Amino acid sequence: MAANTTETAIGYEQARDELIEVVRRLEAGGTTLEESLALWERGEELAKVCRRWLEGARARLDAALAEQEAPADQGE
């Protein structure tokens, strides 16, 4: 349930920025195994949020392009 709350509570830019920070911390090392696992899980959750935002943006663009092309198709 927490994942759904995160997905609806943060925007793309916030999720992306936090994901960048998670990756930076993982790459830097120096964390315990438990901390690394928690960071990995958070990163996966944030990646899903970003993916959903991007898929939504793609769907909106596709719909706008289809709408733009529809009048041209009807005129032929």
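Scroll up for the structure.
Anyway, here's the lowdown on the structure attached to this text.

Criteria and cut-off values
Residues numbered from 1 in each chain as written. Predicted model: local features only at pLDDT ≥ 70, side-chain atom pairs only at ≥ 80, totals over all residues. Heavy atoms only, no water. Helix = DSSP H or I, 4+ residues; strand = E, 2+ residues; numbered from the N terminus. Contact = heavy atoms within 4.5 Å. Core = buried A, V, L, I, M, F, W, Y, C linked by side-chain atoms within 4.5 Å. Buried < 20%, exposed > 50% of the residue type's maximum accessible area, 1.4 Å probe, protein only. Expected span 1.5 Å × (residues − 1). Salt bridge = Lys/Arg side-chain N within 4 Å of Asp/Glu carboxyl O.

Looking only at helices and strands, one finds three helices and zero strands in the protein. Within the protein, contacts between residues separated by at least 24 positions form 76% of all contacts whose residues are at least 6 apart in sequence.

The next point concerns the nonpolar core. Among soluble globular proteins, nonpolar side chains are generally buried collectively. Grouped together as the largest cluster of nonpolar side chains are seven residues: I10, A15, V22, L39, L46, V49 and C50. Listed by contribution, the elements that provide at least two residues to this core are α2 (12-28) and α3 (33-75). A total of four residues in this core trace back to one element, the largest contributor, which is α3. Those residues in contact with L46, other than ones at most four positions away along the chain, are I10, A15, E18, L19 and V22.

Once that is clear, we can look at α2. Taking 1.5 Å of rise per residue, the 17 residues of α2 would be expected to cover 24 Å, and the 24 Å separating its terminal C-alpha atoms lies within 8% of that figure. Residue G29 follows α2 closely and has a positive phi angle near 75 degrees.

Another aspect to go through is the environment of R52. As for its placement among the helices and strands, R52 is situated in helix α3. Residues R52 and Y12, spaced 40 residues apart in sequence, show a C-alpha to C-alpha distance of 8.8 Å.

Once that is clear, we can look at the pattern of salt bridges. One pass over the structure, following the stated rule, counts five salt bridges. Between D62 and R58 there is a salt bridge, with the nearest N and O atoms lying 3.6 Å from each other. Of the two residues, D62 and R58 are both situated in helix α3; the distance of four residues between them amounts to about one turn of the helix. With relative accessibility at 40%, the residue D62 sits in the partly exposed group. One network of salt bridges, with partners in common, ties together E18, R42 and E45.

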